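The lines below spell out each chain.
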Amino acid sequence: LNPKLREWINPKAPDKPEISHGKRLFRLGDKVMQVRNNYDLPWTREDGTSGQGIFNGDMGVITEIDRPGGAIHVHIDDKDVLYDFEHASTELEPAYAVTIHKSQGSEFAAVVIPLFEVPPRLCYRNLLYTGVTRAKDLCILAGHAAEAAAMAQNAMRNKRFSKLAQMLKGEGI
């Protein structure tokens, strides 16, 4: 879905540099998401302040592609972040469409939730609630009313197998 949305929202153009690295294509103006915590990644702000750390789920826009320097500049919130091509290809993903799980903690002006053949493992109330509550202004449930109703009625939570209890007791994994 992301490549198709990119071509519609941010189409290829002569004045938009792009770079392919690994399996990723990055284009000037692309919306991207940081997909893992990187506590060492430096950032700066317009006021000259700086710091370190960009975190899983942070979203931004590519503002510059510097081929000679081997770098991509991304504006995330009020921070400017410089990624070398290698880190960009492993830490950034397109963010025109994101999963409900990846959207947790974020808000969007508009959210579209597809409700077509929802897999049973994802058919539960908490997931639907999380998706709907990401929308600030508009939420569209696209699909079948029966799927939405089934999700809303299923209050069961997925079982997690993190072994956290054993680790806290000092039993190891």
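See the structure above.
A short tour of the structure in this document, coming up. (Residues numbered from 1 in each chain as written. Predicted model: local features only at pLDDT ≥ 70, side-chain atom pairs only at ≥ 80, totals over all residues. Heavy atoms only, no water.)

Points about helix α5 (residues 145–153)
Listed in full, the buried residues belonging to α5 are E147, A148 and M151. For α5, the angular spread of the buried residues around the axis is 100°, confining them to a single face. Away from its buried face by more than 90 degrees, α5 exposes A145, A146 and Q153. Looking at the buried side of α5, the elements it contacts are β10 (108–115), α4 (125–132) and β11 (135–143). (Buried < 20%, exposed > 50% of the residue type's maximum accessible area, 1.4 Å probe, protein only. Helix = DSSP H or I, 4+ residues; strand = E, 2+ residues; numbered from the N terminus. Arc of directions from axis to C-beta. Contact = heavy atoms within 4.5 Å.)

Considerations on the environment of A142
For A142, the location among the structural elements is in strand β11. Look at A142 and you get partly exposed, because its relative accessible area is 25%. Through-space distance from the C-alpha of A142 to that of I72 is 35 Å; in sequence the pair is 70 residues apart. With near-sequence residues (within four places) excluded, A142 lies in contact with V112, I113, P114, L115 and F116.

Details of unusual backbone geometry
Unlike most non-glycine residues, D77 shows phi in positive territory, near 55°. As for its position among the elements, D77 is in the loop between β7 (71–76) and β8 (79–84). Among the residues examined, D77 registers a relative accessible area of 55% and is labelled exposed. You will see that E117, though not glycine, has its phi angle at about 50°, which is positive. Mapped onto the elements, E117 comes out in the loop between β10 and α4.

A few points about the side chain of R134
Within the secondary structure layout, R134 lies in the loop between α4 and β11. Within the buried set, R134 has no salt-bridge partner at all; the shortest N-O distance to an opposite charge, 6.6 Å, is to E107. (Lys, Arg positive; Asp, Glu negative; His and termini not counted. Salt bridge = Lys/Arg side-chain N within 4 Å of Asp/Glu carboxyl O.)

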